[in-house]
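Chain by chain, the residues:
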Amino acid sequence: MIHWWSRFSQSAPELCHWADGLTPPIVSRSPRAGADTGVVRSEGPGACWPDMVFFYLGSSFGFEARLREAGVPDRNVEQGKNGMYKTAVPCVPVGVFDCPLVVTMRPVPADMVTTAAKITHLNPHAHGAPIHIGDPALLGIRDLSRPDYGDPVERHAGDVPVFWACGVTAVEAIRNSKPPLAFSHSPGSMFLTDIPDTPLPTSQLSPCCFLISQDPLLYSLASEGAVGKIRQLEKVIGEDPGNRGIKALFVQDELLRSCLALSHSTSVIYLFPPQPTLSGTDGPPGALAMATMLIALGKQVTMVTDKRAVQLNQELLEEAVRTGVLKTTIPLVTFEDNGPDSALHFLCHEGDPTKPRFDHLVAIERSGRAADGNYYNMRGANIKHLVDPIDDLFVAAADLPGITTIGIGDGGNELGMGKVKEKVKALMPNGSLVACDVAADYAITAGVSNWGGYAVACALYLLYTCPTHQRYLCRGTEPATSPGLLDNLLTSLPSVDKEEAVLSSLVRLGVRSGGTGNLAMEVDALPFHPTHSDLVTNETIHIE
């Protein structure tokens, strides 16, 4: 059992350990066959159990002094309380040791969450950075006022619940394994060593914290290195070779936050442009690039299109599979407005807001509903008669907890750009007429919408290869990155060859370039070579 326990304790951040040469804990609990038999008090340094092996687990008490030095309030010390909670997150089982993760919760002011994450990241033997920040229900914790161990810590106004892995996980593991005899520390009864608390040096792996959802409340972490690279991607796609003035609509970190949200997703639905013959060759290539990466990451992906565009888009998807752009086909569905609850029933099982089918909606280069109820292209032409009311899905999602919406556009008339509609009206050509009135949670702007799709795929790859983000995403309980999966992700990145193949398919299907109407290898009047091919190359350079 010692071998199994050693492996188990190393498989998760809550069980950092060392053994030998130290005096056992002063106060411990004695489980026999999984049942608590009471509290044992040792006789001090002279006490010994020659047949026992001692494991010393890191404690979150080890980083509290550093938090206080940085000005982060320590509510549990202030209140003299410390609550611990069983979660629904399973630890990686090893031999007979198999149990749920146990966590502590510390209320932290919202504006100090990043500080708390950075400080605790430097102490990996004291559990390291948080494993969850936000709604406790996402960990399977129903009621913070009723901890499984200890006493609840009260939050102050403006505090966010921040969760760290807890050494009491060991108690759960021991109880579940039902050994004939074992000792574990009593909660709150820690062992003080003379080993200096030396934090790790700062590095590019230091976490940055971002709010990605209000309902349910959820923050995410990514390393400084990954954040810097994604911000560089944001600059790359913001180039404006068509001189549309798109930089005026730019909002810092929309790409980063949307991709952090997508990284936490399970099921994503993509809203294709209303018809490639309307939007031209912009939109479908970017949608396929995002879908390819999400599928490689194990997400469920569905495409939604207009009834009149089903055949063309189905042929495009089949071509993408045949040419190797897509590794598997993607379900293609339509949305029909059959009444006021149509969108709700489309998005949720049986129309129940607590049972969403999808957790993310993504629209790319899709004309969105303007303030007057019409749909316009950037030239100001009304195309309402050609567009199904798929905007209703975004409108309904705004009131549904757990569904995030993302819009990608290059002019301001696209679905989701309602988030920046005042800028569109004031700064873009025909803006007061064409501006989309329907907002997304995140609005990614790019010189060409396809570029935004390519950037999402690249950013998702960067997040997957970011150890800081992956530790947080997996609650620190999953095995290391699979080499096979990493190879699959690499081949799922956008490439000049793949994007040229998609564009060739569109041209063969009779889709013309927006702006010029040419049936040619161009997007938005810009030739694929060198404009778009150079952009794809530049994006992939920034993920290295």
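Everything below is about the structure printed above this text.
Residues numbered from 1 in each chain as written. Predicted model: local features only at pLDDT ≥ 70, side-chain atom pairs only at ≥ 80, totals over all residues. Heavy atoms only, no water.

A count of helices and strands for the protein gives 19 helices and 20 strands. Counting the 544 residues in the protein, one finds 54% classified as buried. Accessible surface for the protein amounts to roughly 22200 Å². Of this, 53% is attributable to carbon and sulfur atoms. (Helix = DSSP H or I, 4+ residues; strand = E, 2+ residues; numbered from the N terminus. Buried < 20%, exposed > 50% of the residue type's maximum accessible area, 1.4 Å probe, protein only. Areas by Shrake-Rupley, 256 points an atom, 1.4 Å probe, with all protein chains shown as cover.)

Turning to the pattern of salt bridges, a few remarks are in order. One side chain can pair with another of opposite charge once the charged atoms of both are near each other. Tallying each qualifying case throughout the model produces 19 salt bridges. In this structure, the salt-bridge partner of arginine 75 is glutamate 78, at a minimum N-O distance of 3.7 Å. In this pair, arginine 75 and glutamate 78 both sit in helix 3 (residues 75–79), three residues apart, roughly one turn of the helix. Measuring nitrogen to oxygen at the nearest pair gives 3.7 Å for the salt bridge that ties arginine 175 to glutamate 172. Here glutamate 172 and arginine 175 lie together in helix 5 (residues 169–177), a separation of three residues that amounts to about one turn. (Salt bridge = Lys/Arg side-chain N within 4 Å of Asp/Glu carboxyl O.)

Moving on, we get to the sheet that holds strand 7 (residues 132–133). Taken in spatial order, the five strands make up an open sheet running 7-9-6-5-8, and their pairing is antiparallel. Only two strands of the sheet have a single neighbouring strand rather than two, namely strand 7 and strand 8 (149–150). Strand direction decides the pairing type here: strand 7 and strand 9 (residues 159–165), joined by two bridges, are antiparallel. The residue bridging histidine 132 from the neighbouring strand is phenylalanine 163, located in strand 9. Helix-sheet contacts for helix 4 (residues 113–121) involve strand 6 (100–109), strand 7 and strand 9, and the interaxial angle to strand 9 is about 15°. Strand contacts of helix 5: strand 5 (83–90), strand 6 and strand 8, with the helix running at about 165° to strand 6, the strand carrying the most contacts. (Pairing = 2+ DSSP bridges. Contact = heavy atoms within 4.5 Å. Axes fitted to C-alpha atoms, helices over the stretch in contact; angles between N-to-C directions.)

Summarising the element assignment, cysteine 209 is placed in strand 11 (residues 207–214). In the structure, cysteine 209 is positioned 96 residues away from valine 113 in sequence and 7.0 Å away in space, judged by C-alpha atoms. In this structure cysteine 209 touches Val113, Thr114, Ile133, Tyr219, Ser220 and Leu221, once residues within four positions along its chain are discounted.

Residues Ile133, Met303 and Val456 are the most contacted members of the largest nonpolar core, which totals 88 residues. At 12 residues, helix 15 (residues 449–464) tops the list of elements feeding residues into this core. Those residues in contact with valine 456, other than ones at most four positions away along the chain, are Leu255, Cys259, Leu262, Met290, Ile408 and Ile444. Listed in part, the 29 residues of the second largest apolar core include Leu249, Phe335, Leu361 and Ile390. (Core = buried A, V, L, I, M, F, W, Y, C linked by side-chain atoms within 4.5 Å.)

Along helix 7 (residues 254–263), nine of the 10 residues are buried, which leaves the element largely enclosed by surrounding structure. All of the buried residues in helix 7 are Glu254, Leu255, Leu256, Ser258, Cys259, Leu260, Ala261, Leu262 and Ser263.

So, on to the side chain of asparagine 313. Note that asparagine 313 resides in helix 10 (residues 310–322). Of the polar contacts made by the side chain of asparagine 313, one reaches the side chain of threonine 305; its length is 2.8 Å. (Polar contact = N/O pair within 3.5 Å; in protein donor to acceptor, adjacent residues only side chain to side chain.)

This brings us to the pairing of strand 17 (residues 404–409). Taken across its six residues, strand 17 has six buried, putting it largely inside the fold. Strand direction decides the pairing type here: strand 16 (residues 360–364) and strand 17, joined by five bridges, are parallel. Bridging from a neighbouring strand, valine 362 pairs with isoleucine 406 of strand 17. Viewed along the sheet, the connection from strand 16 through helix 12 (residues 391–397) into strand 17 turns out right-handed. Where strand 17 lies against strand 18 (residues 442–445), four bridges are found, and the strand directions are parallel. When the bridges of strand 18 are listed, glycine 409 appears paired with threonine 445. (Right-handed = clockwise from strand over helix to strand, strands pointing away.)

Okay, the sheet that holds strand 14 (residues 300–305) next. On the basis of which strands lie adjacent, the open sheet formed by six strands has the order 15-14-13-16-17-18 and parallel pairing. A strand with exactly one partner marks an edge of an open sheet, and here the two such strands are strand 15 (332–334) and strand 18. Across this sheet, the average inter-strand angle for adjacent strands is 25°, counted without regard to direction. The pairing of strand 13 (residues 267–271) with strand 16 spans four bridges and is classified as parallel. Each residue of the ladder has a partner; that of isoleucine 269, found in strand 16, is leucine 361. Each of strand 14 and strand 15 touches helix 10; the most contacted strand, strand 15, lies at about 165° to it.

Before going further, it helps to spend a moment on unusual backbone geometry. Here aspartate 215 and proline 216 are connected by a cis peptide whose omega angle stands at 0°. Within the secondary structure, proline 216 sits in the loop between strand 11 and strand 12 (217–223). Of note, the bond from histidine 529 into proline 530 is cis; its omega dihedral lies within 30 degrees of zero at 5°. If you trace the backbone, proline 530 turns up in helix 19 (residues 528–541). Positive phi values are uncommon outside glycine, yet glutamate 350 reaches one of about 60°.

With respect to burial, strand 14 is a largely interior element, five of its six residues being buried. Where strand 13 meets strand 14, five bridges bridge the pair, whose relative direction is parallel. Opposite valine 268, over in strand 14, you have valine 301 as the bridge partner. A crossover connection joins strand 14 to the parallel strand 15 through helix 10; in handedness this β-α-β unit is right-handed.

So, about the packing of aromatic side chains. Here the distance between the centres and the angle between the planes together describe a pair of aromatic rings. What the rule picks out here adds up to three aromatic pairs. Ring centres 5.5 Å apart and planes at 85° place the aromatic pair phenylalanine 335 and phenylalanine 346 in the edge-to-face group. Taken together, the positions of phenylalanine 335 in the loop between strand 15 and helix 11 (342–347) and phenylalanine 346 in helix 11 put the pair 11 residues apart, joining distant regions of the chain. The exposure class assigned to phenylalanine 346 is buried, which follows from its relative accessible area of 16%. Joined through ring pairs, the aromatic side chains of Phe335, Phe346 and Phe358 make up one cluster. (Phe/Tyr/Trp six-rings, centres within 6.5 Å; stacked < 30°, edge-to-face > 60°.)

Before going further, it helps to spend a moment on the state of the cysteines. On inspection of all chains with the given rule, the structure shows zero disulfides. Cysteine 259 takes part in no disulfide bond, and the closest cysteine sulfur to it belongs to cysteine 458, at a distance of 9.5 Å. No disulfide involves cysteine 466; its sulfur sits 9.2 Å from the nearest other cysteine sulfur, which is in cysteine 208. Overall, the relative accessible area of 3% leaves cysteine 466 in the buried class. (Disulfide = S-S within 2.5 Å.)

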